[in-house]
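This is what each chain is made of:
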Amino acid sequence: AQTVTQSQPEMSVQEAETVTLSCTYDTSESDYYLFWYKQPPSRQMILVIRQEAYKQQNATENRFSVNFQKAAKSFSLKISDSQLGDAAMYFCAYRRSTPLVFGKGTRLSVIA
Amino acid sequence: NAGVTQTPKFRVLKTGQSMTLLCAQDMNHEYMYWYRQDPGMGLRLIHYSVGEGTTAKGEVPDGYNVSRLKKQNFLLGLESAAPSQTSVYFCASSYAYEPQHFGDGTRLSIL
């Protein structure tokens, strides 16, 4: 079974600085999808960014970008110019033919 | 544009009581899912459905039943609630391999 590991339960970053959240996964498949979801205190699950495994180019969405290392099975999220509104739980998730498999999450605090 | 709507948003039950959580989506998605979220555990899949009339077990299905009689609705039932089922429940829907859209969650407490 696929597993997703987020090794950092908590992280903090100064406002306007850059932070990287780590995620590794275990799969024997070659074609799959990876996602980062954000969960603010409102409890909503918000899609931040997605990456298709067949694409070599790292996905980017405004201040959010990923470092996708397929051979290492690593999928880290970089948040640039951090803002107070970025404070949330962040979940890494994997999907192929089955529903999403989530990591346990990283709680990000942003310090003003 | 409602997206995914969960009913109710909060509920308190006594041990042994039964209840049904309703999930409705208006995006014509084939796939629907139920997850539970517990502190430090992330989201874990309870059951899911790949189309009207179909259901399948996820990672933690015990103590729950589901039904998908209509494409837009996915019901999660607890026949005899237990304190271990105290959690936040999320419904989601999607096209096959597209990102899942989530509801706002239901906080369920079982005393």
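Before reading on, note that the structure itself is shown above.
First, a word on scope: everything that follows refers to the structure included in this document. Note that this is a predicted model, so its numbers are computed, not measured.

Comments concerning the overall build of chain B
Here is step 1 of the chain: Along its length, chain B carries 0 helices and 11 strands.
Here is step 2 of the chain: Mapped in sequence order, the helices and strands of chain B form the string β-β-β-β-β-β-β-β-β-β-β.
Here is step 3 of the chain: Its C-alpha atoms give chain B a radius of gyration of 13 Å, near enough to 13 Å, the size a compact globule of 111 residues would have.
Here is step 4 of the chain: Expressed as a percentage of its 111 residues, the buried residues of chain B come to 50%.

Observations regarding the state of the cysteines
Here is step 1 of the chain: Scanning all chains against the criterion turns up 2 disulfides over all chains.
Here is step 2 of the chain: The disulfide bridge from A:C23 ends at A:C92, spanning 2.0 Å between sulfur atoms. Disulfide A:C23-A:C92: torsion about the S-S bond near -70 degrees, hence left-handed. You can see A:C23 sitting in the loop between β3 (19–21) and β4 (24–26) and its partner A:C92 sitting in strand β10 (residues 88–95), a full 69 residues away along the chain.
Here is step 3 of the chain: With relative accessibility at 1%, the residue A:C23 sits in the buried group.
Here is step 4 of the chain: With relative accessibility at 1%, the residue A:C92 sits in the buried group.
Here is step 5 of the chain: One disulfide bridge connects B:C23 with B:C91, the sulfur atoms lying 1.8 Å from each other.

Comments concerning the environment of A:V66
Residues and elements named next belong to chain A.
Here is step 1 of the chain: You can see V66 is positioned in strand β8 (residues 64–69).
Here is step 2 of the chain: Here V66 falls in the buried class, since its relative accessible area comes to 6%.
Here is step 3 of the chain: Note: C-alpha distance between V66 and S22 (44 residues apart in sequence) is 9.8 Å.
Here is step 4 of the chain: When residues no more than four places from it in sequence are discounted, the contact partners of V66 are W36, I49, Q51, N58, A59, F75, S76 and L77.

Considering the sheet that holds strand β1 (residues 4–7) of chain B
All names here are of chain B.
Here is step 1 of the chain: Here 4 strands make up an open sheet; going across it, the order is β1-β3-β8-β7 and the pairing antiparallel. The two strands at the open ends of the sheet, each matched to only one other strand, are β1 and β7 (65–67). Sheet twist, expressed as the average angle between the axes of neighbouring strands with direction ignored, equals 20 degrees.
Here is step 2 of the chain: For β7 and strand β8 (residues 73–78), the ladder comprises 3 bridges, and the chain directions are antiparallel.

What about the interface of chain B and chain A?
Here is step 1 of the chain: The interface of chain B with chain A comprises 26 residues on the first partner and 18 residues on the second.
Here is step 2 of the chain: The contact between chain B and chain A buries some 1700 Å² in all, and 54% of this surface belongs to carbon and sulfur atoms.
Here is step 3 of the chain: At the surface where chain B touches chain A, the tally comes to 0 salt bridges.
Here is step 4 of the chain: In this assembly, chain B and chain A are joined by 6 residue pairs in polar contact (both at pLDDT 80 or more).
Here is step 5 of the chain: Counting residues per element, the ones that place at least two in the side of chain B that touches chain A are β4 (31–38), β5 (42–49), β9 (87–94) and β11 (106–110) of chain B.
Here is step 6 of the chain: Taken together, the residues of the side of chain B that touches chain A sort by class into 15 nonpolar, 7 polar and 4 charged.

Examining the nonpolar core
Here is step 1 of the chain: If you look at the biggest cluster of nonpolar residues, it comprises 25 residues, and the most contacted ones within it are A:Y25, A:W36, A:F75, A:L77 and A:Y90.
Here is step 2 of the chain: Taken together, the elements giving at least two residues each to this core come down to β3, β5 (33–39), β6 (46–52), β8, β9 (74–79), β10 and β12 (106–111) of chain A.
Here is step 3 of the chain: Among the elements that take part in this core, β10(A) stands out by supplying 4 residues, more than any other.
Here is step 4 of the chain: The residues touching A:L77, leaving out its near neighbours within four places in the chain, are A:V19, A:T20, A:L21, A:W36, A:V48, A:I49, A:F64, A:S65, A:V66 and A:Y90.
Here is step 5 of the chain: Within the second largest apolar cluster, 20 residues are counted, among which are B:M19, B:V60, B:Y64 and B:A81.

Here is what the cut-offs are and how they apply
Residues numbered from 1 in each chain as written. Chains lettered and ligands numbered in written order. Predicted model: local features only at pLDDT ≥ 70, side-chain atom pairs only at ≥ 80, totals over all residues. Heavy atoms only, no water. Helix = DSSP H or I, 4+ residues; strand = E, 2+ residues; numbered from the N terminus. Rg over C-alpha atoms; globule rule 2.2 N^0.38 Å. Buried < 20%, exposed > 50% of the residue type's maximum accessible area, 1.4 Å probe, protein only. Disulfide = S-S within 2.5 Å. Contact = heavy atoms within 4.5 Å. Pairing = 2+ DSSP bridges. Axes fitted to C-alpha atoms, helices over the stretch in contact; angles between N-to-C directions. Buried area = accessible area lost by both parts, 1.4 Å probe. Salt bridge = Lys/Arg side-chain N within 4 Å of Asp/Glu carboxyl O. Polar contact = N/O pair within 3.5 Å; in protein donor to acceptor, adjacent residues only side chain to side chain. Nonpolar A, V, L, I, M, F, W, Y, C, P; charged D, E, K, R; others polar. Core = buried A, V, L, I, M, F, W, Y, C linked by side-chain atoms within 4.5 Å.

Coordinates in, geometry out; function isn't part of it.
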